[in-house]
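What the coordinates show
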Amino acid sequence: MWKRMSESLNPYEIAQRQIEAAAEKLNLNQGIVEILKRPLRVLTVSFPVKMDDGSIQVFEGFRSQHNDAIGPAKGGIRFHPSVTMDEVKALSMWMSVKCGVVGLPYGGAKGGVICDPRKLSEGELERVSRGFMEAISQIVGPDKDIPAPDVYTNPKIMGWMMDTFSRLNHKFSPGVITGKPLILGGSKGRNESTARGCVFTIVEAMKEIGKPMQGATVAIQGFGNVGRISARLLHERGCKIVAVSDSNGAVYDSNGLDVAKLEQRKDARLPLDGDGASKIGQNELLELEVDILLPAALENAITSENAGRIKASIIAEAANGPLTPDADEIVNEKGILVIPDILANSGGVTVSYFEWVQNLMNYYWSEEEVNGKLADVMIRSFHEVNQLAKQHNTNLRTAAYMISLQRIAEAMKARGWV
Ligand code: NAD
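Residues numbered from 1 in each chain as written. Predicted model: local features only at pLDDT ≥ 70, side-chain atom pairs only at ≥ 80, totals over all residues. Heavy atoms only, no water.

It is the contact of helix α13 (residues 367–391) with helix α14 (residues 396–414), at a shortest axis distance of 8 Å, that shows an interaxial angle of 105°. Between α13 and α14, the angle is such that the two are roughly perpendicular. Together, R380, F382, E384, V385, N386, L388 and A389 of α13 and L396, A399, A400, M402, I403 and R407 of α14 make up the contact between the two elements. Of the residues belonging to the contact of α13 with α14, the class tally is nine nonpolar, one polar and three charged. (Axes fitted to C-alpha atoms, helices over the stretch in contact; angles between N-to-C directions. Helix = DSSP H or I, 4+ residues; strand = E, 2+ residues; numbered from the N terminus. Parallel < 35°, antiparallel > 145°, perpendicular 65-115°, else oblique. Contact = heavy atoms within 4.5 Å. Nonpolar A, V, L, I, M, F, W, Y, C, P; charged D, E, K, R; others polar.)

Mapped onto the elements, D291 comes out in the loop between α9 (282–286) and β10 (292–295). Within the structure, D291 has its side chain in polar contact with the side chain of K211 (distance 2.6 Å). (Polar contact = N/O pair within 3.5 Å; in protein donor to acceptor, adjacent residues only side chain to side chain.)

As a further point, take the sheet that holds strand β12 (residues 337–339). If you walk across this open sheet you meet the seven strands as β9-β8-β7-β6-β10-β11-β12, and the pairing is mixed. The open sheet has two free edges, formed respectively by β9 (278–280) and β12, since each of these has just one partner strand. Mean inter-strand twist for the sheet, computed between neighbouring axes without regard to direction, equals 20°. Note that strand β6 (residues 217–221) and β10 share four bridges and pair parallel. For I220, the partnering residue across the bridge sits in β10 and is L294. (Pairing = 2+ DSSP bridges.)

Within the element layout of this structure, Q358 appears in helix α12 (residues 347–361). When its relative accessible area of 1% is taken as the criterion, Q358 is described as buried. Along the backbone, Q358 and D376 are 18 residues apart, and their C-alpha atoms lie at a distance of 17 Å. For Q358, the contacting residues outside a window of four places in its chain are S187, Y363, Y364, W365 and V370. Of note is the side chain of Q358, whose polar atom sits 3.0 Å from the side chain of S187. (Buried < 20%, exposed > 50% of the residue type's maximum accessible area, 1.4 Å probe, protein only.)

A side chain of one charge can pair with a side chain of the opposite charge when the charged atoms of the two come close. What the rule picks out here adds up to 31 salt bridges. The partner of E20 in a salt bridge is K37, with the nearest N and O atoms 2.8 Å apart. Remark: K37 occurs in the loop between α2 (30–36) and β1 (41–50) and E20 occurs in helix α1 (residues 11–26); sequence separation between them is 17 residues. The class for E20 is partly exposed, based on a relative accessible area of 29%. (Salt bridge = Lys/Arg side-chain N within 4 Å of Asp/Glu carboxyl O.)

This model, assessed by the stated rule, comprises seven aromatic pairs. Between F47 and F59, the aromatic rings sit 6.1 Å apart at their centres with planes inclined by 25°, giving stacked as the arrangement. Here F47, found in strand β1, pairs with F59, found in strand β2 (residues 56–67); they are twelve residues apart in sequence, far enough to count as distant. The exposure class assigned to F47 is buried, which follows from its relative accessible area of 4%. (Phe/Tyr/Trp six-rings, centres within 6.5 Å; stacked < 30°, edge-to-face > 60°.)

The domain boundaries assigned to the protein delineate domain 1 (1–38 + 189–345 + 395–418) and domain 2 (39–173). Put simply, the middle of domain 1 and the middle of domain 2, counted by C-alpha atoms, are 25 Å apart. Taken together, the contacts link 28 residues of domain 1 with 20 residues of domain 2. Across the domain 1/domain 2 interface, buried area totals approximately 2000 Å², and carbon plus sulfur atoms make up 67% of it. For the pair domain 1 and domain 2, the number of links is zero salt bridges. The interface formed by domain 1 and domain 2 contains eleven residue pairs in polar contact (both at pLDDT 80 or more). Elements that contribute at least two residues to the side of domain 1 that touches domain 2 include exactly α1, α2, α11 (341–344) and α14. In terms of residues, the side of domain 1 that touches domain 2 owes the most to one element, α14, which gives nine residues. In the side of domain 1 that touches domain 2, the residues fall into 17 nonpolar, six polar and five charged. (Domains from an automatic or database assignment. Buried area = accessible area lost by both parts, 1.4 Å probe.)

This is how it looks when you write it as C-alpha cells:
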C-alpha cells in the first residue's frame, strides 16, 4: 500500500501519505482527505519557569488536536529536547487513527514540551508540568481534549497537571487527564494495559497462522514497561522467551530465558546478561528465527537495511513506528504477519479511556473487570481488522487504517462537515 519513499522523511509527511494511501483505497472524497491530512488545531505556547538558581527560563511546547469528530481528542504529552511541532502533529494524527481502530469515542491529540527532564530538578520538573498545563488549559478538558503520559512523563506529572487544571477551574477534574496515580482516579490495570493488549492480539494472530502459543519462541527488543510485561505475560501463556534486549545489550537462550530473573536484574539496575544467558548483538536479536518478534523499544528499529533478514512469523509492533514504510513493504512481501502499532499497542489508550469513563462515573472497577473489558476490545478489534484485510486482500495495517478512517469520515459526514 505504501509508496516507496525516503526513510528520512519528516513524520508529518509520512502520516499525511499514510492517510492519503488509505483514503484512496476507501475512495474517500477529497474534502474528507484534506481535513484528515492536517490537525484541526495546533497551539504553540511559551511559558516562563523559575529555575532553582533564581533565573527565569522560557520553555516552548505544543498541543495538536488532529480531529474531534467522534469525541474529545486524546493523546499523550512528551517531554523531550528534540520535540518539534511536526512530530507532535504527526503523533496526533496517529492517535486519531489508533482510537478509530479500536472504536473509542475519541479523536486524536498529542502534546510536547521542548525540555530535557533529566537535567531538571524535581521542583523544576513540577513547575514545567504545571506551567505547560496552565498554558494549554483553555483547549483541554474532560469533554474537549484529555492528555496522558508519553515519553519522559509519568503518573506523578499527570497528578500535578490534574491539580493545576482543577485549581484553575475551581473543581475536582480527574477526567481532564489519564495515567494518574490510583489515589487520584487512575485505573487499575493501566500500567500493564499496553502489553496485555498486545498479547491479546498476538494470541489471535497465532491462531490465524495456525501455531500454538505453547512453546512458541519469542524475541523482544526493549525491556521497559511494555517489553518486560509482554515477556511476563507471554511466558505465562507458555511461550519461550529466547531473547531480550535493552539499550545496553541483548541476551539469548534457545531453551528460554528466565523472565523473573531478568526482571530482578533490571530492577537492580544490573545488565541483562548474567545467570548463564549468552550475550548477542542487539541487531542480531531482530534477525533470529522465532515465531514472534516484538519490537518494544524505539521507532525505525527495522529499516530497508535489515528487513530482508527478518525471519519471524509474526511481528507485533508494541512500539510506535518500529518499521519504516520501506521495511514494512519488504516484510509484507516476505509473508510475515505484521500486527500494526495502531492495533497492537492500542491497549494503553483503551485503558486510558476506561480510566476517563470511571472518572466521569466516579465509580471504579476491579482489575479483573478492566482486563476483561480490555480483552473484549482487543479481540473484537483484531478480528474486525483481520476480516477486512481478507475481504480486500490486503495487510492488517492497511485494513486498520481503512476501518479507522471510515469511522472518522462517517462521523464528519454525520456532523455535516463534508
Ligand atoms: P520504556 O522507556 O519503559 O522502555 C523502552 C526500552 O527500550 C528500555 O528498556 C530501553 O533500554 C530499550 N531500548 C532503547 N533503545 C534500545 C535499543 N537500541 N535496543 C534495544 N532496546 C532499546 O518505554 P515503554 O513505555 O516500554 O515504551 C516502549 C515503546 O512502546 C515506545 O515506542 C512507546 O511509544 C510505545 N508505547 C508505549 C505505551 C505505554 O503504555 N507505555 C503505549 C503505546 C505505545
